[in-house]
Amino acid sequence: MTEDRDYIRAIVLEGKILTDAATTISGNPVDSIYIKLKLLSGSVSFKSYELPEALRANPEEREFDWEYTHATYDSTNTADETYILSGHRKTGFVEDDH
């Protein structure tokens, strides 16, 4: 079975840790982090298989599950999205908790 899905893979486009580049509410210097991610969409394939009797809820009844086989990126899919995540390190000081 193959089906189209959003966000099958993620790529880190950029990433930085900047020493003492941020300032907390109380004025303490802290490290800053910046990550730029791109989430890719495409098709994912699965294969059905029969569960062994030992793993079935009822050993007398046949039970099946799905196993991931592979994913294929579709560069024409418009569902790809880019996100930027950023923040700063927690200082541990009470005056910075908010």
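Overview of the structure. (Residues numbered from 1 in each chain as written. Predicted model: local features only at pLDDT ≥ 70, side-chain atom pairs only at ≥ 80, totals over all residues. Heavy atoms only, no water.)

On to the overall build of the protein chain, then. A count of helices and strands for the protein chain gives 0 helices and 4 strands. Along its sequence from the N terminus, the protein chain presents helices and strands in the succession β-β-β-β. For 98 residues, the compact-globule estimate of 2.2 N^0.38 gives 13 Å, and the C-alpha radius of gyration of the protein chain, at 23 Å, exceeds that figure by more than 25%. Referenced to the eigenvectors of the C-alpha coordinate spread, the extents of the protein chain come out at roughly 65 × 40 × 20 Å. Evaluated residue by residue, the protein chain yields a buried proportion of 19% over its 98 residues. Restricting to contacts in the protein chain with at least 6 residues of sequence separation, those with at least 24 account for 65%. Accessible surface, the protein chain as shown: approximately 7,400 Å² in total, 52% of it carbon and sulfur. (Helix = DSSP H or I, 4+ residues; strand = E, 2+ residues; numbered from the N terminus. Rg over C-alpha atoms; globule rule 2.2 N^0.38 Å. Buried < 20%, exposed > 50% of the residue type's maximum accessible area, 1.4 Å probe, protein only. Contact = heavy atoms within 4.5 Å. Areas by Shrake-Rupley, 256 points an atom, 1.4 Å probe, with all protein chains shown as cover.)

Where like charges cluster on the molecular surface, the negative patch consists of Asp4, Asp6, Asp74 and Glu81. Tracing the chain through its elements places aspartate 6 in strand S1 (residues 2–23). (Patch = residues over 30% accessible without salt bridge, like charges linked within 9 Å, V, L, I, M, F, W, Y side chains within 5 Å. Salt bridge = Lys/Arg side-chain N within 4 Å of Asp/Glu carboxyl O. Lys, Arg positive; Asp, Glu negative; His and termini not counted. Charge placed at Lys NZ, Arg CZ, Asp CG, Glu CD.)

Positive phi values are uncommon outside glycine, yet tyrosine 7 reaches one of about 60°. Positive phi, close to 50°, is recorded for aspartate 20, a residue that is not glycine.

By themselves, these observations are geometric and do not establish any function.
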